[in-house]
Amino acid sequence: MAAVDGGPDENIVFDFLDRRVDRHAGEEARYVFRVRRPLVEELVRGRCTNWVDELFLSSRLEISRKGPYNDYVYTFFKSFSPEHMAFVEDYYAQADGDQHYALADGYVVPRRCPHLQADLTRFGSVKNGVLTCALHNWDFELATGRCLTSDDRKLAARPATPEDERAQHPVIPGAHPE
């Protein structure tokens, strides 16, 4: 958990484990960032994608932490663009031995989108036989693998077998494995 202390009535908490951003209600946070509101507004207005380089290394804030350094927290603040998020997710997925396939409505598909490698178990959904990657709204027809968004991509999809079901591949949200 990280808290951003922006002064009276402007405290925010990022709870990475519960996946929520809320007003800070005084709960203990492992990381505390004290930064003036105008600096945050400047980064947001300018659509800054790397707060570590633009803010943290500028020494325009105070940071404290309890416990050891956590690379994931700082990586979060470095990857505020969809492209960088996809790169970072892929890096950590490969480092963690991520499974390479997922189940999507009775089909086995690559876990990563053929467009820019977004994790389809997080950004994908299936409706009427079409897999959509929400990161860039690319659509793929499951039965053929044909990309409905562009002619230069194809999804390597195949019907799932009972062995695939037993392998416990992750499931694309919204999909209904048979």
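Up top is the structure.
This text gives an overview of the structure that appears in the document. None of the values given here were measured: they were computed from a predicted structure.

Pairing within the open sheet is antiparallel, and its three strands lie in the order 6-7-11. Each edge of the sheet is formed by a strand with only one pairing partner; in this case those strands are strand 6 (101-104) and strand 11 (158-159).

Overall, antiparallel pairing links the three strands, which are arranged 8-9-10 in an open sheet. Since the sheet does not close on itself, it has two edges, and those belong to strand 8 (124-127) and strand 10 (138-141), each with one partner. On average, each strand axis in the sheet is tilted by 25 degrees relative to the strand beside it, whichever way the strands run. In this structure, strand 9 (residues 130-133) lies alongside strand 10, joined through four bridges in antiparallel fashion. Each residue of the ladder has a partner; that of Thr132, found in strand 10, is Asp139.

Leaving glycine aside, a negative phi is the common case for residues, and trans is the common case for peptide bonds. One non-glycine residue with positive phi stands out, namely Arg47, at about 55 degrees. Structurally, Arg47 can be placed in the loop between helix 1 (37-45) and helix 2 (51-54). Positive phi outside glycine occurs at Asn128, with the angle close to 55 degrees. You can see Asn128 is positioned in the loop between strand 8 and strand 9. Overall, Asn128 belongs to the exposed group, its relative accessible area being 74%.

Where burial is concerned, the two faces of strand 8 differ: the one with Gly124 and Val126 is buried and the one with Ser125 and Lys127 is not. With four bridges connecting them, strand 8 and strand 9 associate as antiparallel partners. Within strand 9, the residue paired with Gly124 across the bridge is Cys133. Here strand 8 folds back onto strand 9 in antiparallel fashion, the turn holding two residues, of which Asn128 has a positive phi close to 55 degrees.

For the rest of this paragraph, the subject is the environment of Glu10. One can find Glu10 in the loop between strand 1 (2-5) and strand 2 (11-15). In this structure Glu10 comes out as partly exposed when scored by relative accessible area, which is 26%. C-alpha of Glu10 to C-alpha of His24: the two residues are 14 residues apart in sequence and 8.3 Å apart in space.

The final tally for this structure, using the stated rule, is six salt bridges. Between Arg153 and Asp152 there is a salt bridge, with its nearest N and O atoms 2.9 Å apart. Since its relative accessible area comes to 28%, Arg153 is described here as partly exposed. The class for Asp152 is exposed, based on a relative accessible area of 53%.

Reading the values: the criteria
Residues numbered from 1 in each chain as written. Predicted model: local features only at pLDDT ≥ 70, side-chain atom pairs only at ≥ 80, totals over all residues. Heavy atoms only, no water. Pairing = 2+ DSSP bridges. Helix = DSSP H or I, 4+ residues; strand = E, 2+ residues; numbered from the N terminus. Axes fitted to C-alpha atoms, helices over the stretch in contact; angles between N-to-C directions. Buried < 20%, exposed > 50% of the residue type's maximum accessible area, 1.4 Å probe, protein only. Salt bridge = Lys/Arg side-chain N within 4 Å of Asp/Glu carboxyl O.

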